[in-house]
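A look at the structure
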Amino acid sequence: MSKASSTVATTDNEAAKPKVAVVVFLLNGKKVLLGRRRSAVGNSTFALPGGNLEFGENFEECAAREVKEETGLEIGATELLTVTNNLFVEGPKPLHYVTIFLRSSLTNTDQVPQNVEPEKCDGWDWYDWDNLPQPLFWPLEKMVNSGFNPFPA
Ligand code: IPR
Ligand code: MG
């Protein structure tokens, strides 16, 4: 038994199992949509819309559902950008997420983001990629610091 699976066996609960999240770089011109999280994980940091992949969903379905649930916005086709593997130890229980990062845009740019889940977010807004708000949710900050750019070349 590997050290990792031994750890899982001794912490036999849902939180100890890796989960999958889908998050979206929703792009509008040179801007990206971010919201300040209200959560035990990454509280008060600016993050992309998205969340947990549900049983049977494909990534695009999850992205469209999560963006709609959190912001009220309707997005068009999605493109896969990258995948990260992150361990969150700051909350009451450790969480391990494999996160799928997609890129998308609005079906209609007249749409205005709504804060549909105010218990989970302080509000959504568009931010210039060259002037992002601080602090960023740390997985996003890590990507930005590595030079990652979600915009088409
Ligand atoms: P929900 O599903 O509540 O939108 O989840 P989330 O936004 O906390 O995302 C979970 C994955 C994160 C922690 C990478
Ligand atoms: Mg979310």
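Located above this text is the structure these notes cover.
Residues numbered from 1 in each chain as written. Chains lettered and ligands numbered in written order. Predicted model: local features only at pLDDT ≥ 70, side-chain atom pairs only at ≥ 80, totals over all residues. Heavy atoms only, no water.

Concerning the overall build of the protein chain
As a reminder of what qualifies: For the purposes of this entry, the term helix denotes a DSSP run of H or I that reaches at least four residues, the term strand denotes a run of E that reaches at least two, and both are numbered from the N terminus. We compute the radius of gyration over the C-alpha atoms and compare it with the globule rule, which gives 2.2 Å times the number of residues raised to the power 0.38. Relative accessibility decides the category of a residue: with a 1.4 Å probe and only protein chains considered, values under 20% of the type maximum give buried, values over 50% give exposed, and everything between is partly exposed. Between two residues, a contact is recorded if the distance between any of their heavy atoms is within 4.5 Å. Per-residue and other accessible areas were derived by the Shrake-Rupley procedure at a 1.4 Å probe size, with only the shown protein chains allowed to occlude residues. We count Lys and Arg on the positive side and Asp and Glu on the negative side, and we leave His and both chain ends out. Here the site of a charge means NZ on Lys, CZ on Arg, CG on Asp, or CD on Glu.
Counting secondary structure elements, the protein chain contains three helices and seven strands. Going from the N terminus to the C terminus, the protein chain shows its helices and strands as α-β-β-β-β-α-β-β-β-α. Relative to the 2.2 N^0.38 estimate, which gives 15 Å for 153 residues, the radius of gyration of the protein chain is 16 Å and therefore close to what a compact globule would have. With the C-alpha coordinates of the protein chain rotated into their principal frame, the extents come out at 55 × 35 × 35 Å. Burial statistics for the protein chain: of 153 residues in total, 41% are counted as buried. Long-range contacts, defined here as pairs at least 24 residues apart, represent 69% of the contacts in the protein chain between residues at least 6 apart. Accessible surface, the protein chain as shown: approximately 8700 Å² in total, 53% of it carbon and sulfur. For the protein chain, the separation between the mean place of its 14 positive charges and that of its 20 negative charges on side chains is 6 Å.

Here's the deal with the coordination of the magnesium ion (ligand 2)
Heads up, the rule is: Coordinating N, O and S atoms are those within 2.8 Å of the metal (3.2 Å for Na, K and Ca), and as water is not part of the atoms, a site may appear to have fewer donors than expected.
Protein-derived coordination of the magnesium ion (ligand 2) comes from G50 (O) and E70 (OE), at a distance range of 2.2 Å. Within this pair, whereas G50 is found in strand β4 (residues 50–52), its partner E70 is found in helix α2 (residues 59–71), the two being separated by 20 residues in sequence. The buried category is assigned to G50, whose relative accessible area is 14%. Given the relative accessible area of 10%, E70 is considered buried.

Examining the environment of F101
With respect to the helices, strands and loops of the structure, F101 is situated in strand β6 (residues 95–105). Owing to a relative accessible area of 4%, F101 belongs among the buried residues under this scheme. Spatially, the C-alpha atom of F101 lies 5.2 Å from that of V23, the residues being 78 residues apart in sequence. Beyond its immediate sequence surroundings of up to four residues, F101 is in contact with V23, F25, L48, E79, L80, L81, T82, T84 and M143.

A closer look at the site of ligand 1
Rules: Residues are labelled near a given molecule or strand when at least one of their non-hydrogen atoms is within 4 Å of it. Whenever a nitrogen or oxygen atom comes within 3.5 Å of another N or O atom, the pair is scored as a polar contact, on the condition that within protein one atom can donate a hydrogen and the other can accept it, and that pairs from neighbouring residues in sequence are kept only if both atoms are in side chains. Side-chain classes are defined by residue name, with Ala, Val, Leu, Ile, Met, Phe, Trp, Tyr, Cys and Pro counting as nonpolar, Asp, Glu, Lys and Arg as charged, and the others, Gly among them, as polar.
Near ligand 1 you find A21, R37, G50, G51, N52, E66, E70, F88, Y97, T99 and K120, and these make up its full shell. For ligand 1, an oxygen atom lies 2.9 Å from a polar atom in the side chain of R37. Contact distances for ligand 1 include 3.0 Å between an oxygen atom and a side-chain N or O atom of N52. Within the complex, the protein chains bury 82% of what would otherwise be the 400 Å² of accessible surface of ligand 1. Residue assignment for the shell around ligand 1 shows that the elements contributing at least two residues are β4, α2 and β6. The dominant element in the shell around ligand 1, judged by the number of residues it contributes, is β4, at three residues. Class assignment of the residues belonging to the shell around ligand 1 gives a composition of three nonpolar, four polar and four charged.

The values are spatial; any link to function lies outside them.
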